[in-house]
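Below, each chain spelled out in residue letters.
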Amino acid sequence: MILLGIESSCDETGVAVLKADSTTNTLTILSNSLSSSLSLHAATGGIIPEVAAREQLKYMPQVLKDALSTLDKNEENAVKKVDAIAVTYGPGLIGSLLVGVETARTLSYLYDIPLIPVNHMLGHIYANWIQTGDKRHSISDPKFPALALVVSGGHTDLVVLKGHGDYAVLGGTRDDAAGEAFDKIGRLLNLPYPAGPVIATLAKKGDPKAFRFPRPMWDSKDYNFSFSGLKTAVLNEVRKSKKLSTTEISNICASTERAITDVLVKKTILAATEYKVKSILLGGGVAANESLQASLKAAMAARLPGTMLFIPPKELCTDNAAMVAAAGYFLNDKVSWKTVSPNPELYY
Ligand code: KG4
Ligand code: ZN
């Protein structure tokens, strides 16, 4: 089965072609094209929705063409090989979402291809089922029940999955998401946007114990998160000094990363224990953070030795269309193109 995935919820324009092979039990990427307006937003220190939407419109035709070329050099022949189209319909920015949704609807209508609307957040989770040349060879490797920690620029969610499409959200952020906290703290430190990867790099040179930043909701008996207090604590440190030294900046980065990681790992282990999960799945841009990955691995080795950990490769942690196609394959909720419209506020 050939799936076409389309992702345009924010500032990334992605189109991917995935092959699902029931004989070999594999889900592999044939193409995963991506264009990003990130550099434009770096200049403004954050995303301007109107700018992101215009860039989506500009990029989509070429990204679509590039992705399809893996099936056939002739675009029409290539589209005819597609068995289903999976498209992100929310959550996200309305203008950006519209570009992907209208592209998918048009292809579905013109070529009579079934359309599967996909929740972007589930896409992040389903990135874990894609075979990418590492040791995982089977799509039945992540075992249920599974716990997903989805950590992106807009979300910090713990989701328990009993089976494909059978899930419940255990908790989420009360204010800033983990990625948003990295980005806002980066802004306080005059670091480029998105600051998550920059803070991660600087943190390697810093001392994570230099500042004891708050671990918000550490003792709350739920699976919710809050990161806005952390941002205020960093702001207070920044205000104390006229000009921060390179060492101080690295120390703030390391201490910030440690504070965010500690809370994420603690609540993930708690939830995994309570729900007796067989797998833990990471997803979203912050899942690319090496310190988070290492801390979670260490905590699991100590507390949950029988539980498997799945982490998508970096390029599948951040927004991409392959994850959307993967979610579409497993959820397989085919609908008429007439019924699909963007839902910027979509929850789970
Ligand atoms: O999933 P994603 O690409 O887009 C959203 O759906 O939001 O996540 C983007 C977020 C940004 O906030 C970025 O700073 C953060 O992921 N991020 C990281 C790292 N790489 C990306 N945060 C911490 N460490 C990283 N290595
Ligand atoms: Zn995302």
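Use the structure listed above.
Residues numbered from 1 in each chain as written. Chains lettered and ligands numbered in written order. Predicted model: local features only at pLDDT ≥ 70, side-chain atom pairs only at ≥ 80, totals over all residues. Heavy atoms only, no water.

S.K.: When you look at the overall build of the chain in this model, what are you seeing that I'm missing?
M.R.: Along its length, the chain carries twelve helices and ten strands. Its C-alpha atoms give the chain a radius of gyration of 20 Å, near enough to 20 Å, the size a compact globule of 348 residues would have. Dimensions along the principal axes, computed over C-alpha positions, put the chain at roughly 60 × 45 × 35 Å. The buried share of the chain, taken over its 348 residues, is 53%. Pairs at least 24 residues apart make up 74% of the contacts formed inside the chain by residues separated by at least 6 positions. (Helix = DSSP H or I, 4+ residues; strand = E, 2+ residues; numbered from the N terminus. Rg over C-alpha atoms; globule rule 2.2 N^0.38 Å. Buried < 20%, exposed > 50% of the residue type's maximum accessible area, 1.4 Å probe, protein only. Contact = heavy atoms within 4.5 Å.)

S.K.: Whenever I open this one, the pairing of strand β5 (residues 115–119) confuses me. Can you help?
M.R.: Side-chain direction in a regular strand flips from residue to residue, so the side chains alternate between the two faces of the sheet. Among the five residues that make up β5, five are buried, leaving the element largely enclosed by the rest of the structure. Residues Leu115, Pro117 and Asn119 point to one face of β5 and Ile116 and Val118 to the other, with burial holding for every one of them. In this structure, strand β4 (residues 84–90) lies alongside β5, joined through five bridges in parallel fashion. Counterpart to glycine 90 in the pairing with β5 is asparagine 119. After leaving β4, the chain enters helix α4 (residues 94–111) and then returns to the sheet as β5, a path that is right-handed. (Pairing = 2+ DSSP bridges. Right-handed = clockwise from strand over helix to strand, strands pointing away.)

S.K.: For this particular structure, what's the right way to read the side chain of threonine 268?
M.R.: Tracing the backbone shows threonine 268 in helix α9 (residues 246–274). When neighbours within four sequence positions are excluded, threonine 268 is seen to be in contact with Leu147, Leu149, Leu158, Ile280 and Leu296.

S.K.: Would you mind going over the coordination of the zinc ion (ligand 2) with me for this structure?
M.R.: Working reference: metal with six octahedral donors, ideal angles 90 or 180 degrees; metal with four tetrahedral donors, ideal angle 109.5 degrees. Binding of the zinc ion (ligand 2) to the protein goes through His120 (NE2), His124 (NE2) and Asp319 (OD), at separations of 2.0 to 2.1 Å. Here the zinc ion (ligand 2) is ringed by four donor atoms whose angles at the metal span 94 to 142°, and the overall shape comes out irregular. Donor residues for the zinc ion (ligand 2) sit on one chain with the sequence pattern H-x3-H-x194-D. With histidine 120 in helix α5 (residues 120–126) and aspartate 319 in the loop between α11 (314–317) and α12 (322–331), the pair connects residues that are 199 residues apart, well separated along the chain. Histidine 120 gets classed as buried once you look at its relative accessible area, which sits at 5%. (Donors = N, O, S within 2.8 Å, 3.2 Å for Na, K, Ca; no water. Tetrahedral: all angles 85-135°; square planar, octahedral: opposite > 155°, others 65-115°.)

S.K.: Before we go on, may I ask you to explain the site of ligand 1 in this structure?
M.R.: In the vicinity of ligand 1 there are 18 residues, among which Gly153, Asp183, Gly196, Gly285 and Asn289 approach most closely. At 2.7 Å, a side-chain N or O of aspartate 183 approaches an oxygen atom of ligand 1. Protein contacts shield 87% of the accessible area of ligand 1, which totals 560 Å² for the unbound molecule. Sorting the residues of the shell around ligand 1 by element identifies α5, α6 (178–188) and α7 (195–203) as the ones contributing at least two each. No other element matches α6, which puts three residues into the shell around ligand 1. (Near = heavy atom within 4 Å. Polar contact = N/O pair within 3.5 Å; in protein donor to acceptor, adjacent residues only side chain to side chain. Areas by Shrake-Rupley, 256 points an atom, 1.4 Å probe, with all protein chains shown as cover.)

S.K.: Please explain the sheet that holds strand β7 (residues 156–163) as it appears in this structure.
M.R.: Strands pair in a sheet through their backbones, by hydrogen bonds, and they do so in one of two ways: parallel or antiparallel. Strand order in the open sheet formed by five strands is β8-β7-β6-β9-β10, and the pairing between neighbours is mixed. A single partner strand is all that each edge strand has here, and the edge strands are β8 (166–171) and β10 (308–310). Going across the sheet, the axis of each strand differs from the next one's by a mean of 20°, ignoring polarity. Both strand β6 (residues 146–151) and β7 contribute to a ladder of six bridges, which runs antiparallel. Each residue of the ladder has a partner; that of alanine 148, found in β7, is valine 159. Its contacts with the sheet place α9 against β6, β7, β8 and β9 (279–283), and it is angled at close to 160° to β6. (Axes fitted to C-alpha atoms, helices over the stretch in contact; angles between N-to-C directions.)

S.K.: So what exactly am I meant to see when it comes to α9 here?
M.R.: Side chains of residues three or four places apart in an α-helix project in the same direction, reflecting 3.6 residues per turn. Look at α9: 42 Å from first C-alpha to last across 29 residues, which is about the 42 Å you get at 1.5 Å a residue. In the stretch just after α9, lysine 276 is the one whose phi turns positive, near 45°. (Expected span 1.5 Å × (residues − 1).)

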